[in-house]
Amino acid sequence: MTSPQPAKIVSLQLCVGHREPMKTVEAAKVIAGFGVEGDRHAVSEGIRKARQVLLMDEETLQSFGLVHGQVRENVTTSGISLPTLTVGQRLALGDDVVLELTGPCAPCARMDEIRDGLREEIDGRRGMLAFVVQGGTVNVGDEIHALERVAPPTA
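Cut-offs applied
Residues numbered from 1 in each chain as written. Predicted model: local features only at pLDDT ≥ 70, side-chain atom pairs only at ≥ 80, totals over all residues. Heavy atoms only, no water. Helix = DSSP H or I, 4+ residues; strand = E, 2+ residues; numbered from the N terminus. Buried < 20%, exposed > 50% of the residue type's maximum accessible area, 1.4 Å probe, protein only. Core = buried A, V, L, I, M, F, W, Y, C linked by side-chain atoms within 4.5 Å. Contact = heavy atoms within 4.5 Å. Pairing = 2+ DSSP bridges. Salt bridge = Lys/Arg side-chain N within 4 Å of Asp/Glu carboxyl O. Axes fitted to C-alpha atoms, helices over the stretch in contact; angles between N-to-C directions. Disulfide = S-S within 2.5 Å.

Peer 1: Honestly, unusual backbone geometry in this entry has me stumped. Any pointers?
Peer 2: Excluding glycine, most residues fall at negative phi; most peptide bonds, likewise, are trans. For Arg-19, which is not glycine, the phi dihedral falls at a positive 65 degrees. For Arg-72, which is not glycine, the phi torsion reads 75 degrees and is therefore positive. As for its placement among the helices and strands, Arg-72 is situated in the loop between α1 (58-63) and β6 (75-78). Judged by its relative accessible area of 18%, Arg-72 falls in the buried class.

See below:
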C-alpha cells in the first residue's frame, strides 16, 4: 500500500509591478507581518495586510486549464485542498514559514482577461489569502503541513 504524497510547494511567483508578468523564482524570503520580499503586494499595515500571500492549488489550476502563476498567486501548492480550509487555519511551509489563512481570494476582472467568463467560473476557487505569522525562506519542493486553527477574535 502506498502512502499519499505530502502536500508541497510546486511553484513560487512574485508580482514585481502593476500588470507586469509574474516572476517565477525557486526560493523566496517571506517576512513576518509583511509578505514575500520583492512582491509589490507585501504590506505591514492597513486592510491589505490580510492579503500578504496568495496560495493556489495546482489541481484547481489544471481543472481550469491554467498554469502556475496565471491567477497571480505567490505560492502554487499540490496535495492540499485549499478550498476546504477555513479562516484561521495555519500552514507551515518548509522548515520556517507559518501562514495564517485570512479568507478566499475573490476573483477580479483580471480573470476575464485570461479567458472570457473565467471570473465567474473560478468564483470560490481562486485560492486562499494569508497573513505571515512567522518568516523565513521557502523553496520549490518544500512540504506544507496543516497546523492548528486559530479561533477568530471574539467581540
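Peer 1: Just to check I follow, could you spell out the nonpolar core for this structure?
Peer 2: One broad rule of soluble globular proteins: the nonpolar side chains tend to lie buried together. With 24 residues, the main nonpolar core has Leu-55, Leu-91, Leu-93, Leu-99 and Val-138 as its most contacted residues. Those elements that provide at least two residues to this core are β1 (8-14), β3 (27-31), β5 (53-57), β7 (89-93), β8 (97-104) and β9 (128-134). Ignoring anything within four residues of it in the chain, the contact list for Val-138 reads Ile-9, Leu-12, Glu-26, Ala-27, Ala-28, Val-30, Leu-93 and Val-97. Core analysis: the second largest hydrophobic core is formed by 8 residues, Met-56, Leu-61, Leu-66 and Leu-118 among them.

Peer 1: How should the sheet that holds strand β10 (residues 136-139) be read in this particular structure?
Peer 2: Sheet strands line up and pair through hydrogen bonds in the backbone, either parallel or antiparallel. Across the sheet, 3 strands lie side by side as β4-β3-β10; this open sheet has antiparallel pairing. Every interior strand has two partners, whereas the edge strands, β4 (35-36) and β10, have only one.

Peer 1: Any chance you could explain the environment of Ile-114 here in plain terms?
Peer 2: With respect to the helices and strands, the residue Ile-114 is situated in helix α2 (residues 110-114). Between the C-alpha atom of Ile-114 and that of Val-71, which follows or precedes it by 43 residues, the distance is 8.4 Å. Apart from residues no more than four positions distant in its own chain, Ile-114 is found in contact with Leu-66 and Gln-70.

Peer 1: Can you walk me through the pattern of salt bridges in this structure?
Peer 2: Note that side chains of opposite charge can pair when their charged atoms are close. On inspection of all chains with the given rule, the structure shows 4 salt bridges. A salt bridge links Arg-110 to Glu-113; the nearest nitrogen and oxygen atoms lie 3.4 Å apart. Of this pair, Arg-110 and Glu-113 both sit in helix α2, separated by 3 residues, roughly a single helical turn. The exposure class of Arg-110 is partly exposed, given its relative accessible area of 24%. One salt bridge in this structure joins Arg-115 and Glu-121, with 3.2 Å as the shortest N-O distance. Look at the salt bridges and you will find they share partners, linking Arg-19, Arg-110 and Glu-113 into a network.

Peer 1: Just to check I follow, could you spell out the sheet that holds β6 for this structure?
Peer 2: With respect to topology, 8 strands assemble into an open sheet ordered β2-β1-β6-β5-β9-β8-β7-β11, the strand pairing being mixed. Only two strands of the sheet have a single partner each, and these edge strands are β2 (23-25) and β11 (144-149). Neighbouring strand axes in the sheet, compared pairwise and without regard to direction, differ in orientation by 35 degrees on average. One ladder, built from 4 bridges, connects β1 with β6; its direction is antiparallel. Along β6, the bridge assignment pairs Ser-11 with Thr-76.

Peer 1: I would appreciate a short explanation of the environment of Ile-9 in the present structure.
Peer 2: With respect to the element layout, Ile-9 can be found in strand β1. Along the primary structure Ile-9 and Leu-93 are separated by 84 residues, whereas in three dimensions their C-alpha atoms are 7.8 Å apart. When neighbours within four sequence positions are excluded, Ile-9 is seen to be in contact with Val-75, Thr-76, Leu-93, Val-138, Asn-139, Val-140, Gly-141, Asp-142 and Ile-144.

Peer 1: Mind showing me how you'd approach the state of the cysteines here?
Peer 2: Cysteine pairs can be covalently joined through their sulfur atoms, and such a bond is termed a disulfide. For the structure on display, the rule yields 0 disulfides. Not engaged in a disulfide, the cysteine Cys-15 finds its nearest cysteine sulfur in Cys-108; these two sulfurs lie 11 Å apart. Cysteine Cys-108 shares no disulfide, and the gap to the nearest cysteine sulfur, in Cys-105, comes to 7.1 Å. With relative accessibility at 29%, the residue Cys-108 sits in the partly exposed group.

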